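Residue-level listing of the chains:
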Amino acid sequence: MSSATFSSICFNQGFLRKCEVKNRNQRVKPNVGGASVLSTKCMQSSEKNKKEVRIGLLGASGYTGAEIVRLLTNHPYFGITLMTADRKAGQSMGSVFTHLATQDLPTLVSVKDADFSHVDAVFCCLPHGTTQEIIKGLPRHLKIVDLSADFRLRDIAEYEEWYGQPHSAPDLQKEAVYGLTEILREEVKNARLVANPGCYPTSIQLPLVPLIKAKLIEHGNIIIDAKSGVSGAGRGAKEANLYSEIAEGIYSYGVTRHRHAPEIEQGLSDAAQSRITISFTPHLMPMIRGMQSTIYVEMSQGVMIEDLYQQLRKCYEGEEFVKLLDKGVVPRTHNVRGSNYCLMNVFPDRIPGRAIIISVIDNLVKGASGQALQNLNIMLGYPENTGLLYQPLFP
């Protein structure tokens, strides 16, 4: 065998290995000829018209929209065919986000001019309060993941109380499935409309729900001190988010009235099968990405720290994106930056009978666009980690 032939074989084998998508106990869809699409789709990844699923992205000019685009660049089955951004209509995505200028993407259009005839599924990244009417008018054949808060709260009266306006699509609300993936995977699988969780609720519910279900912690006196990077406040120009307002300081906001509080309480109450009220204070940190929730809980009678640790280990042992760290290791936001991972750990408090739980995520990925893609993968029958195996960017 010549050295050139040997090199060619090695290259092709290595290329095909890189093209494999890790399959989390889900089948890989065959193509029409019956052969695996893994290698063929990888070979054709530059040809977006070969992608199996045509994606519409509503609200593409915000941070979560840009993250959807970034994640989909390496997705072998999803190709973007429609992008909307009312204030940027007529522009290219590369002119709005220069870091995406290398991508072959459709021109941005306004929502009213959007043509959904060549779309199979939609990511909706529009602001809350505008999404209900738009989704109500979308064709029924579309699979939809909504990243706004408009369908997260089942009680429409509670939505009006916290968001200051009546819910305009109550029938759709009954259909919507809350998409906390690792907890509600089976419900997501059969959904047409998924309400993607908020960033704070994701980082808080993932560690708390398994402990509440196992009756290992008391329902009262749950205290949550959560901190987020500034990107969580969106891309719009706001005085409070100016560099001189944010840098070199910490800003507590939404004290006692943050809109994620009822969403967190809804999920925890479902786990407990009784009403839970939390003490929740979020803080804006002088960093771009990242979220840390430090949670203080009272353990049930006779429960030890080891019981909490083992319950979390048991719950997330086989999960791709939720990781319980080794005992004593403190989760850091640096260790999840740019990834879909949630890292967590549990520690004994100095106060007897109490525990401290620390959970970290990237607010734009696991806290938004990454979890949205994870959900749509499940809804359409693809391995849920497809397009999401980006490792954290460190340092």
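Presented here is an overview of the structure given in this document. (Residues numbered from 1 in each chain as written. Predicted model: local features only at pLDDT ≥ 70, side-chain atom pairs only at ≥ 80, totals over all residues. Heavy atoms only, no water.)

### Regarding the environment of Gly79
For Gly79, the location among the structural elements is in strand S2 (residues 78-84). Judged by relative accessible area, Gly79 falls into the buried class, the value being 6%. Sequence separation between Gly79 and Val119 is 40 residues; the distance between their C-alpha atoms is 9.7 Å. (Helix = DSSP H or I, 4+ residues; strand = E, 2+ residues; numbered from the N terminus. Buried < 20%, exposed > 50% of the residue type's maximum accessible area, 1.4 Å probe, protein only.)

### Considering the pairing of strand S9 (residues 279-284)
Direction of pairing for strand S7 (residues 223-228) relative to S9: parallel, over a ladder of six bridges. Bridge pairing links Lys227 to His283 in S9. Relative to S9, strand S8 (residues 251-252) is paired through two bridges, and the arrangement is antiparallel. Bridging from a neighbouring strand, Tyr251 pairs with Leu284 of S9. (Pairing = 2+ DSSP bridges.)

### Examining helix H6 (residues 156-163)
Looking only at H6, the buried set comprises Glu158, Tyr159, Trp162 and Tyr163. Down the axis of H6, the buried side of the element spans an arc of 110°, and every buried residue falls inside it. Buried residues along H6 sit against helix H5 (131-136) and helix H11 (260-272). Residue Asp155 occupies the N-cap position of H6, its side-chain oxygen lying 2.9 Å from the main-chain nitrogen of Ala157. In the segment just after H6, Gly164 is the residue with positive phi, at about 75°. (Arc of directions from axis to C-beta. Contact = heavy atoms within 4.5 Å. Polar contact = N/O pair within 3.5 Å; in protein donor to acceptor, adjacent residues only side chain to side chain.)

### Brief notes about the nonpolar core
Of all hydrophobic cores here, the largest spans 47 residues; its most connected members are Ile55, Phe78, Met93, Phe123 and Leu376. It is helix H13 (residues 365-379) that contributes the most residues to this core, six residues altogether. Apart from the residues lying within four places of it in its own chain, the contact partners of Phe123 are Ile55, Gly56, Leu57, Leu58, Ile68, Leu72, Val145, Leu147, Ala372, Leu373 and Leu376. Among the nonpolar cores identified, the runner-up in size contains 46 residues, and Ala149, Ala226, Ala271 and Tyr309 belong to it. (Core = buried A, V, L, I, M, F, W, Y, C linked by side-chain atoms within 4.5 Å.)

### Quick word on the sheet that holds S7
Whether parallel or antiparallel, the strands of a sheet pair through hydrogen bonds between backbone atoms. Strand order in this open sheet of seven strands is S8-S9-S7-S10-S13-S12-S11, and the pairing throughout is mixed. With partners counted over all chains shown, the strands left at the sheet margins are S8 and strand S11 (322-324), one partner each. Of the pairings in the sheet, the one linking strand S12 (residues 342-348) to strand S13 (residues 354-361) comprises seven bridges and is antiparallel in character. Counted as the bridge partner of Leu343 is Val360 from S13. With respect to the sheet, helix H9 (residues 199-213) is in contact with S7, S9, strand S10 (291-298), S11, S12 and S13, its orientation differing from that of S10 by roughly 35°. (Axes fitted to C-alpha atoms, helices over the stretch in contact; angles between N-to-C directions.)

### Let's talk about the packing of aromatic side chains
The relation between two aromatic rings is expressed through the spacing of the ring centres and the mutual angle of the planes. Throughout the structure, instances matching the rule amount to six aromatic pairs. With a centroid separation of 5.4 Å and an interplanar angle of 70°, the aromatic rings of Tyr200 and Phe280 are classed as edge-to-face. In this pair, Tyr200 is assigned in helix H9 and Phe280 in strand S9, connecting sequence segments 80 residues apart. Each of the two residues, Tyr200 as well as Phe280, counts as buried. With a centroid separation of 6.1 Å and 25° between ring planes, the pair formed by Tyr251 and Tyr253 is classed as stacked. When its relative accessible area of 39% is taken as the criterion, Tyr251 is described as partly exposed. Tyr253 gets classed as partly exposed once you look at its relative accessible area, which sits at 22%. Above the plane of the ring of Trp162 lies Arg257, whose end atom (NZ or CZ) is 4.0 Å from the centre. Over the face of the ring belonging to Tyr309 we find Lys327, whose NZ or CZ atom lies 5.2 Å from the ring centre. (Phe/Tyr/Trp six-rings, centres within 6.5 Å; stacked < 30°, edge-to-face > 60°. Lys NZ or Arg CZ within 6 Å of the ring centre and 35° of its normal.)

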